[in-house]
Each structure stands twice: as structure tokens, then as C-alpha cells.
Amino acid sequence: MSPGTTTEPATRLDLPPRPRTWPRRTLVFSALTAFTVATCLPAIGGIEIDLAAIAQNWRHGAANLSALLQPNWSFVPRTIQPMLETLQMAFVGAAIAAALSVPLTLWAARPTNPNTVTRTAVRAVINVVRAVPDLVWATILVAMVGVGALPGLLTLVLFDVGIVVKLVSEAIDSTDHPYLEAARAGGATQGRMNRALALPQSLPLFSNQWLYALELNVRISAILGIVGAGGIGRLLDERFGFFAYGDVSVIILEILVVVLLIEAASNVLRRRLA
Amino acid sequence: MTHDTQAAEAGHAPASAAWPIRLDGVSVTYPNGTTALRDVSLDIDAGEMVSIVGLSGSGKSTLIRTINGLVPVTAGTVTVGPHTVSGLHGRRLREVRGHVGMIFQGFNLATRVDVYRNTLVGRFARAGRLRTLLGVTSARDREVALTALDTVGMLDKVWSRAAALSGGQQQRVAIARALSQEPSIMLADEPVASLDPPTAHAVMSELERINAERHLTVLVNLHLMDLARQYTRRMIGLRDGELVYDGPAAEATEADFEQIYGRRIRPQDRLGDRT
């Protein structure tokens, strides 16, 4: 600020009129409120949320909870083998998905695949894969290839490929790639410049999502066993069936510890790779 | 395509000879409706060093990109050496591009990739189908790329990531990438606009040397009048996509520049003398 302007009275600024946004904001807010209330009215087909059920049934819950609070530590040895199977599924699934995600991602991103037809086709397939929930994939695959770790592994691969390809290809789309113009100007083929330049340039984007996929895998594969897709989930389902809450409690704690460990490890790796 | 034996006989000097450039009634209209070039006709002899001067938006970048087909022409023909660029596609277009080196205002290096692999990109057009498919480089590719890096004085940085280099160093690597194509034409799109004055002069001198020693046809986009006067013999002026000046650069008067710019000369139209 120059010394002259501080002493003089402030000149009137030629401010353009402020746009009126409150009628619009009020309209959107009241519409959202009305919609939320409407979905809770059973009279017009809304969902029934019976809060009284909590008051009536909390005693059962409390009994279960107190059973869960007494872990049966002698059950630990029996959980080791299924837990290792779960971890194995998670790692192998993430590794296979990482390998598959590289070409698919480069096909699904505009800068690395200017061909609209193949790009749209890859994106459509990935969107369909992502639209199917993981438990539904697991159920279908158990029916197709039988009970065990294999359907679980296939589910994880499909799930991871969907996530990695979508997130990384969108990240590639939203960044500039001037080096690709230079390579194109020098007469390089798209495939060669993708491999030599676009892939190493995008590797941090990939490694971030690969690690995220691994974290998700440990969490999901604990659940997949419930539909017969192997791992610790199957044991969890079985112990629940026998109302062995002490054993269930051990399994839940074990899953919690493993998930936390994997997340801590991947956070360290992520910082190193950035 | 050059055979290894011929190149070995020729020794250090690139085997390819300079190409003339010819634009005949070239117009470019982008898909969004903007007309960037209107009926431009030009004849540039093999081995000439020519500057294209104009303000941003005058069509210089578009003009230089029609020469290697990065921008397709809407009307007219572009001829480089024995090839008609307009209308070429796929493999044939890539082959022609292999003979035309290009450097950019933003250097356009892959920043996470080392200098060596950035330079090797210049050899991609010369690789056969099998090498392209497998992504392998031949001993000759390595030798040409390393020689090019040595020429621009960047051999000691060969294993550094491009991001670790200064702007001037990055532009030198970009020049090495273009030189390792063993090109017949060198295009430069505002090569010094992102550099400080001493570095800008160094890069312009490098282009001058390439023109003098390798006898390449050099076409360089500039918006500064004194750089055009100092480093090029012939100057082409563009305004609103039309050719408004074509003549010797050294004798271009202030009035000529005012006509090209479409306004009076300002201090920022000059970079300042060589130091």
C-alpha cells in the first residue's frame, strides 16, 4: 500500500451486484429434507425404522456383547491356518490385480489411448465389473468354481482391478502429459511411448492404489468366507453358527490387528514411494 | 532408413541431409471453430534457419505443428523433403516425423524418467516392428543418444531424473532427444520463452550451431524481435493466422515489427543482448 492511500478516505469501489443465491439454497435444502422424511413414512411405501425394537431387544444384544467380551484364547491355534489363507488370498489377489491393471488402465485413459472405441469398451467393462458388489461376485464364483480359496481370490482380483483401473485412469486423464506430445512428434508409436514414458511417469499413482487394494483385500477377504469363499470368514461363519461367541471374539480381534498392521505397513511404503 | 554401415562410414556426422519445407495455401480451422491459419504459402530451402515471429495466438505454434502433422491441415498441402505430410496417417506419418526433430517451450520431458531414457525417445521412430514391440534398444540407438547428449554437454547428467535438472539443462536434453532422431528438419516452438536471458541466448546459440554444423533446416518460433534479428537470416511474420512479413531478419525495421505485432513496440518485445 502506498503512503498516500492510507490517509485519504477509502474510495468507493465499483462492486458488481452480489448474485442472490439464498432462494436457490433454501429450495435445495428443503427438497432434501422433504425427501429424507418421505423415505421414512411407511404409509407411502417408505422404509420402516422401528426404534422401539431397540428398547425391546437390547437385553439380547447385551448378553451377546458380554459373551463377546470374554475371548476364548485357547481357540487361537485353530485360527492361524484360516488367517494365513486369508492373507494369502489378499496378497496374491492384489499382485494379480496389479499386473492386470497396468494395460487396462493405459487402455482406459485418454492420453494413453486416443482411440475412442477401445477406450470406451474397456471403460464399459470396468464399470460393469465395479457395479456388481463383491459379495455377489463371490456368490456367483462359488457357484461356478466351488467352495474354497479360489472363488475368493477371483473376487478380490475383479474388485481390485475395478478400483485401480477406474481411479488411476481418471488420474491420468486429469494430468498433463507434454512428454507424450514430444514423443509423438518424434514418430513414436503409442504403445512404445506408454511403456517408456507414461508408465514410469504414472507409477506413483499406480502404487498408491495397489497398496489401497491390498488394504481393502484383507478386510474383504475376512467377509468373503461367509458365502463359502475360503479364509478366516468361513471359520467366523461356522463359529457364529455354533453360538461360540468366545471364539468369534478371538477371530474379530485377530482381523482387527491384521488390518491395522497392513495399514501401518502400507502407510510407510506410501511415504517412501511418493 | 539409414543402415548401420552407412552411418559408420559417415562417422560422427548424421547421415541424413537437410530437407526443404513447402506450405501451399495452408489453412487450419480447429474443431471448436477457431481459424488459426489462413491461406499460408511458404518456401523454405534446405539448410535455412528461419524464425517465425508473432504474438501469442497469431498461429505460430499451429504453423510449426502442421510441418510434422501434429496439427492436421484443413486446406492446402504441406511438403517436407520428398513427403507430403498432409493426408499421411499411421506408420507413414510416424516415419516422416522420425526425420523432423522438435523442441518445445515447456521442454516436454518425462520428469520422473532419467535423462538417458528421455533421450532414447528420439530413436523410437527408427526401431523396426519387432524392437518396437519388445521395447528393446540397439547398441546403435544407445550410441547415437549418448553422442547427442555429449554434443549438448549433458552427458554427465545421463542418469539424473529430468525433474532434477534446471530449465536450461532440460531444454538441452530436449535438444539431444531431437538430435538423436538424426533429423533433416529441426522445429523449435518458443524454445526460450521459459528461460532466463543468458540461458535463452545459450539455447539459441545451440540451435544456430546445429544449423551451421549439421546443415539442418531450422524453423524457430519466437515472439521477441531481437532474438529473431540476431540468430536468424530470414524472418516470417504472422498476425491472426495470416502471413504479413517474409524477408531478411536483420534488416527488418521497427515498422515491420509493429505491423507483425499489430501494435507499437514495447520494452518486453526485446530480450536484451548476449552477455
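Remember, predicted model here, so these are calculated numbers, not experimental data.

1. Concerning the overall build of chain B
The helix and strand tally for chain B stands at 10 helices and 10 strands. Expressed as a percentage of the 275 residues in chain B, the buried residues total 46%.

2. Here's the deal with the interface of chain A and chain B
Each side of the interface is counted separately: chain A has 17 residues, and chain B has 22 residues. Elements supplying a minimum of two residues to the side of chain A that touches chain B: α8 (178-185) and α9 (190-224) of chain A.

3. Digging into the UniProt feature "domain: ABC transmembrane type-1" (unreviewed entry) in chain A
Taking the numbering used here, the UniProt-annotated feature "domain: ABC transmembrane type-1" (unreviewed entry) corresponds to residues 83-266 of chain A. Secondary structure within residues 83-266 of chain A divides into 84% helix and 0% strand; the distance between the first and last C-alpha atoms comes to 19 Å.

4. Thoughts on helix α3 (residues 90-97) of chain B
Within the sequence span of α3(B), burial applies to Arg94(B), Val96(B) and Arg97(B). End-on, the buried residues of α3(B) take up no more than an arc of 160 degrees, which puts them together on one face. Among the structural elements, α8 of chain A together with β4 (75-80), β5 (83-84) and β6 (100-103) of chain B are those in contact with the buried residues of α3(B).

5. A closer look at unusual backbone geometry
Phi angles above zero are rare outside glycine, and Phe243(A) is one such case at about 55 degrees. Position of Phe243(A) relative to the elements: it lies in the loop between α10 (232-241) and α11 (245-273). Residue Phe243(A) is classed as exposed on the basis of its 11 C-beta neighbours within 10 Å. Although it is not a glycine, Glu182(B) sits at a positive phi angle of roughly 50 degrees. With respect to the helices, strands and loops of the structure, Glu182(B) is situated in the loop between α7 (167-179) and β7 (185-189).

6. Quick notes on the environment of Gly90(B)
Considering the arrangement of structural elements, one finds Gly90(B) in helix α3. The spatial distance from the C-alpha of Gly90(B) to the C-alpha of Glu251(B) is 42 Å, given a sequence separation of 161 residues.

7. Description of the sheet that holds strand β2 (residues 35-44) of chain B
Residues and elements named next belong to chain B. Judged by pairing direction, the sheet is antiparallel, and its 4 strands sit side by side in the order β2-β1-β4-β5 without closing on themselves. Strands at the two margins of the open sheet, each flanked by one partner only, are β2 and β5. The pairing of strand β1 (residues 21-29) with β4 spans 5 bridges and is classified as antiparallel. Counted as the bridge partner of Ser27 is Ala75 from β4.

8. Remarks on the UniProt feature "transmembrane region" (unreviewed entry) in chain A
Residues and elements named next belong to chain A. Residues annotated in UniProt with the feature "transmembrane region" (unreviewed entry) correspond here to residues 27-49, 87-109, 135-159 and 242-262. Secondary structure content for residues 87-109 is 96% helix and 0% strand, and the end C-alpha separation is 31 Å. Taken end to end, residues 242-262 comprises 86% helix and 0% strand; its first and last C-alpha atoms sit 30 Å apart.

9. Some words on the sheet that holds strand β9 (residues 234-239) of chain B
Residue and element names in this part refer to chain B. Here 6 strands make up an open sheet; going across it, the order is β6-β7-β8-β3-β9-β10 and the pairing mixed. Since the sheet does not close on itself, it has two edges, and those belong to β6 and β10 (242-248), each with one partner. Taking the axes of each pair of neighbouring strands and ignoring which way they run, one obtains an average angle of 15 degrees across the sheet. In terms of strand pairing, β7 meets strand β8 (residues 217-222) through 5 bridges, oriented parallel. Counterpart to Met186 in the pairing with β8 is Val218.

10. A look at the nonpolar core
Counting residues in each nonpolar core, the largest one holds 129 residues, and the members touching the most others are Ala183(A), Leu197(A), Val80(B), Leu187(B) and Leu219(B). Ranked by the residues each element gives to this core, the list is headed by α9(A), at 13 residues. If you look at the next biggest cluster of nonpolar residues, it comprises 9 residues, including Leu235(A), Leu236(A), Tyr245(A) and Ile255(A).

11. Describing the confidence of the model for chain A
Residue and element names in this part refer to chain A. Per-residue confidence for chain A gives a mean pLDDT of 85; residues scoring 70 or more make up 95%. By mean pLDDT, helix α1 (residues 3-7) is the weakest element of chain A at 48, and helix α5 (residues 116-131) is the strongest at 93. Under a pLDDT of 50 for its full length, residues 1-6 has, in the predicted model, 1 contact with residues more than four places off or in other chains.

How each quantity is defined
- Residues numbered from 1 in each chain as written.
- Chains lettered and ligands numbered in written order.
- Predicted model: local features only at pLDDT ≥ 70, side-chain atom pairs only at ≥ 80, totals over all residues.
- Helix = DSSP H or I, 4+ residues; strand = E, 2+ residues; numbered from the N terminus.
- Buried ≥ 20, exposed ≤ 12 C-beta atoms within 10 Å, placed from the backbone.
- Contact = placed C-beta atoms within 7 Å.
- UniProt positions renumbered as here; feature names shortened; annotations may be inferred.
- Arc of directions from axis to C-beta.
- Pairing = 2+ DSSP bridges.
- Axes fitted to C-alpha atoms, helices over the stretch in contact; angles between N-to-C directions.
- Core = buried A, V, L, I, M, F, W, Y, C linked by C-beta atoms within 7 Å.
- pLDDT = per-residue confidence, 0-100.

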